[in-house]
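Fold and geometry: a report
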Amino acid sequence: MDRPRMRSNPTMPSDHTDAEVALAAAVAGAAAVRSRYGTDLAPLAKSPTDFVTEADLAAEEEIHRVISAARPSDGFVGEETGTTGGHSGRRWLVDPLCGTLNFAAATPLAAVNVALDTPVGVTAAVSADPIAEEFFWTDGSGAWVRYGDTDRPLEPSPRSLIVDVNCDGKRDALFVGAQLIADQGFRDVFAPRVLSSTLAVAWVAAGRRAAYVTDGHLEGSVHFAAGIAICQAAGCVVTDFAGDPVHTGRGLIAAADQATHRQLVELLGPHLEQLHAQDG
């Protein structure tokens, strides 16, 4: 198939494909983030460990500019600016800088996420590493990583045995994450990591992680929509904690293969039962 190429002008006319628009928007957002990496960023606090910076705001503005020019009738849901526009039944889910705490501490582990949510699901998505300038993307039919002018198919693999577990849970409710990290059975089989950015979700699709695990209800999430779509298009096993279709129940498992997925479902089972008992 003819895959979309990166354009030098990120403001794209409406006759380009949705994947081209998503890529152009991610390129513009990633450039805004990258130009501010390592600078003195004044945080606007949401909480002591959750804040927004100039980089978040500038990236979202650039992404919105590209999308609104190319798809003016679509809705836009931004992490920082909320929901605007839209009467087409389609909406763009945007997390302009996932891993703000990492980024503000000059740790190059962050993602720029852009996903197009339609009545039939997410049909185009990009999860960009703004520092490495890698763009993990899907047009709904396949999944690739773009570096420079080259696209390579994403190939999931469990061989690293590295599993990223999101521990950034709710502070006012029980949340699976720390329990799995401390589970000896889990530690006997896998090498746990905490990346603190949904960049790790795209890494599962790329074969750099065996799996990714997070708690919560993530349907329509600006943070996770792009990574989930990329993993699904790459052939990963993507479900809720019980092994049912994603968004059916609690949590997310994105695994490189069936064997890894099966082990994680089994390991998570006792922790889910404990939470259900405590919830009473």
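It should be noted that the structure appears before, not after, this text.
Read on for a plain summary of the structure.

Next up on the list: the overall build of the chain. Across its full length, the chain carries 8 helices and 15 strands. Projected onto the principal axes, the alpha-carbon positions of the chain cover approximately 50 × 45 × 35 Å. Within the chain, contacts between residues at least 6 apart in sequence are counted, and of these 59% link residues at least 24 apart. Counting only carbon and sulfur atoms, one obtains 51% of the accessible surface of the chain, whose full area is about 12,200 Å². Between the mean site of the 21 positive side-chain charges and the mean site of the 36 negative ones, the chain shows a separation of 4 Å.

Another point: unusual backbone geometry. Although it is not a glycine, glutamate 133 adopts a positive phi angle of roughly 60°. Inspection of the secondary structure assignment puts glutamate 133 in the loop between β7 (121–129) and β8 (134–138). At leucine 161, a position not held by glycine, the phi torsion is positive, near 60°. Inspection of the secondary structure puts leucine 161 in the loop between β10 (150–153) and β11 (162–165). Judged by relative accessible area, which is 38%, leucine 161 ranks as partly exposed.

Here the focus is helix α7 (residues 225–234). The buried fraction of α7 amounts to 8 of the 10 residues, a majority that puts the element mostly inside the structure. Of the residues trailing α7, glycine 235 is marked for its positive phi of about 100°.

Further remarks concern the packing of helix α1 (residues 18–34) against helix α2 (residues 54–70). Between two packed helices, both the angle of their axes relative to each other and the distance between the axes serve to describe the pair. Where α1 meets α2, the closest approach of the two axes is 8 Å, and the angle between their N-to-C directions is 155°. One finds that α1 runs roughly antiparallel with respect to α2. Where α1 crosses over α2, the two elements pack in a sense that is right-handed. Contacts between α1 and α2 pair Val21, Ala24, Ala25, Ala28, Gly29, Ala32 and Val33 from the former with Ala55, Ala58, Ala59, Glu62, Ile63, Val66, Ile67 and Ala70 from the latter.

The next subject is the sheet that holds strand β9 (residues 143–147). Ordered by their spatial adjacency, 8 strands build an open sheet running β4-β3-β5-β6-β7-β8-β9-β10, and the pairing between neighbours is mixed. Each edge of the sheet is formed by a strand with only one pairing partner; in this case those strands are β4 (82–84) and β10. The mean angle between the axes of side-by-side strands here comes to 15°, regardless of whether they run parallel or antiparallel. Examined bridge by bridge, strand β3 (residues 75–78) and β4 share 3 bridges and lie antiparallel to one another. Within β4, the residue paired with phenylalanine 76 across the bridge is threonine 84. Against the sheet, α7 makes contact with β5 (91–98), β6 (111–118), β7, β8 and β9, and its axis sits at roughly 105° relative to β7, the strand it touches most.

Turning to α2, a few remarks are in order. Under the 1.5 Å per step criterion, the end-to-end length of α2 is 25 Å for 17 residues, consistent within 8% with the ideal 24 Å. Restricting attention to buried positions, one finds in α2 the residues Ala55, Asp56, Ala58, Ala59, Glu60, Ile63, Val66, Ile67 and Ala70. Where α2 begins, the side chain of threonine 53 points an oxygen toward the backbone nitrogen of alanine 55, at a separation of 3.1 Å.

Now for the pairing of β9. With 4 of 5 residues buried, β9 is to be regarded as a mostly interior element. Sheet analysis places β8 next to β9, joined by 5 bridges and oriented antiparallel. Bridge assignment links phenylalanine 136 to a residue of β9, and that residue is valine 145. Counted along the chain from β8 to the antiparallel partner β9, the turn is 4 residues long, and its residue glycine 140 has a positive phi close to 95°.

Time to look at the sheet that holds strand β12 (residues 191–193). Remark on secondary structure: sheet strands pair via backbone hydrogen bonds, oriented parallel or antiparallel. Spatially, β12-β11-β13-β15-β14 is the arrangement adopted by the 5 strands of the open sheet, whose pairing is mixed. Edge positions in the open sheet fall to β12 and β14 (237–239), since each of these has one partner strand only. In this sheet, neighbouring strand axes are inclined to one another by 15° on average, regardless of whether the strands run parallel or antiparallel.

All right, on to the state of the cysteines then. Considering all chains together, one arrives at 0 disulfides under this definition. The thiol of cysteine 167 is unpaired, and the distance to the nearest cysteine sulfur, on cysteine 98, comes to 14 Å. On the accessibility criterion, cysteine 167 (34% relative accessible area) is partly exposed. You can see cysteine 231 has no disulfide; the closest cysteine sulfur is in cysteine 236, sitting 4.1 Å from it.

What counts and how
- Residues numbered from 1 in each chain as written.
- Predicted model: local features only at pLDDT ≥ 70, side-chain atom pairs only at ≥ 80, totals over all residues.
- Heavy atoms only, no water.
- Helix = DSSP H or I, 4+ residues; strand = E, 2+ residues; numbered from the N terminus.
- Contact = heavy atoms within 4.5 Å.
- Areas by Shrake-Rupley, 256 points an atom, 1.4 Å probe, with all protein chains shown as cover.
- Lys, Arg positive; Asp, Glu negative; His and termini not counted.
- Charge placed at Lys NZ, Arg CZ, Asp CG, Glu CD.
- Buried < 20%, exposed > 50% of the residue type's maximum accessible area, 1.4 Å probe, protein only.
- Axes fitted to C-alpha atoms, helices over the stretch in contact; angles between N-to-C directions.
- Parallel < 35°, antiparallel > 145°, perpendicular 65-115°, else oblique.
- Left-handed = near helix turned anticlockwise from the far one by under 90°.
- Pairing = 2+ DSSP bridges.
- Expected span 1.5 Å × (residues − 1).
- Polar contact = N/O pair within 3.5 Å; in protein donor to acceptor, adjacent residues only side chain to side chain.
- Disulfide = S-S within 2.5 Å.

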